[in-house]
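Survey of secondary and tertiary structure
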Amino acid sequence: MPGKHGPNRLANYLGVHESWMAELLREGFVVNDRCAFTFFPSVVLLQGTIACLDDITLEVEKEIAVLKGRGMTALVQTQMFRYHAWVRGAHNIFRYESAHEHRPRAHKHVYDTFGDGLEIEVLDLLDEERIPTLGEVVRELQVWHQNHARQIKELR
């Protein structure tokens, strides 16, 4: 059985995404999902923002490679991602990124959200299982919000 980042049929991938987002919207932490899929023959893009409670915003950029096939039965797999969270009008919270020319591994940038806003650490994600899905990133952000709700309100 493939891991959470292994190849998947496009129809299943889209169904899982829609299910996660519907659940998060229903629960109320996610206020508005402004992400959209754009389909090309060799890649599917997921881009946009997810607005959450207390002006928390998550910017999503994802490239999903079409490995073989066409249409909803095509086999796809994420090849690049960037999930960037911040408090609107304040500072960054964290940013997950796939490997790129400056860092050979997927990684997470963590920021001093309630201080000077500067980056305080970069954590390499050393194996596939440590790389979160978009749904897991939103859940992490939800927990972060619960732990920092009072501090967020003091920013206003």
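Residues numbered from 1 in each chain as written. Predicted model: local features only at pLDDT ≥ 70, side-chain atom pairs only at ≥ 80, totals over all residues. Heavy atoms only, no water.

Here we look at the environment of Val76
Short version of the rule: In DSSP terms, a helix is any run of H or I states spanning at least four residues, a strand is any run of E spanning at least two, and both are numbered starting from the N terminus. Here a residue-residue contact requires only that any non-hydrogen atoms of the pair lie within 4.5 Å.
Note on placement: Val76 falls in strand β6 (residues 75–87). Sequence separation between Val76 and Asp112 is 36 residues; the distance between their C-alpha atoms is 36 Å. With sequence-adjacent residues up to four places away left out, Val76 is seen in contact with Gly6, Pro7, Asn8, Arg9, Leu10, Tyr13, Ile64, Ala65, Val66 and Leu67.

Focus: the pattern of salt bridges
For the record, the criterion: Definition used for salt bridges: Asp or Glu carboxyl oxygen within 4 Å of a side-chain nitrogen of Lys or Arg. Each residue is placed in one exposure class: buried if its accessible area under a 1.4 Å probe, protein chains only, is under 20% of its type's maximum, exposed if it is over 50%, and partly exposed if it falls in between.
Using the criterion set out here, one finds 11 salt bridges in the structure. Between Glu23 and Arg26 there is a salt bridge whose closest N-O contact spans 2.9 Å. Taken together, the positions of Glu23 and Arg26, both in helix α1 (residues 10–27) and 3 residues apart, correspond to about one turn of that helix. Note on Glu23: relative accessible area 32%, which makes it partly exposed. Notably, a salt bridge pairs Arg103 with Asp124, separated by 2.9 Å at the nearest N-O pair.

Considering the nonpolar core
To keep things clear, this is the line we draw: Nine residue types can take part in a nonpolar core, namely buried Ala, Val, Leu, Ile, Met, Phe, Trp, Tyr and Cys, and a core is a set of them joined through side-chain atoms within 4.5 Å.
Among the nonpolar cores identified, the biggest contains 36 residues, and Ile50, Leu58 and Leu141 are the most heavily contacted of them. Every element with two or more residues in this core is listed here: α1, β4 (43–52), β5 (56–68), β6, β7 (92–97) and α2 (134–154). Residue contributions to this core peak at 6 residues, all from α2. When near neighbours in sequence (up to four residues on either side) are disregarded, Leu58 contacts Gly48, Thr49, Ile50, Tyr83, His84, Ala85, Leu134, Val137, Val138 and Leu141.

Topic: unusual backbone geometry
Of note in this structure, Asp54 is not a glycine but carries a positive phi near 55°. Secondary-structure assignment places Asp54 in the loop between β4 and β5. A residue is classified by how much of its surface remains accessible, and Asp54, at 24% relative accessible area, is partly exposed.

Points about the side chain of His107
Formally: Under the rule applied, a polar contact is a pair of N or O atoms within 3.5 Å (in protein, one hydrogen donor and one hydrogen acceptor; residues adjacent in sequence only if both atoms are side-chain atoms).
Along the chain, His107 falls in strand β8 (residues 107–111). We classify His107 as buried; its relative accessible area is 0%. Reaching out from His107, the side chain makes a polar contact with the backbone oxygen of Arg105 at a distance of 2.8 Å. Looking at His107, its side chain comes within polar contact range of the side chain of His109, at 3.2 Å. With residues near it in sequence (within four places) discarded, His107 still touches Arg95, Tyr96, Glu97, Ser98, His100, Val122, Leu123, Asp124 and Leu125.

Honestly, that's just the spatial picture; any functional story needs more than this.
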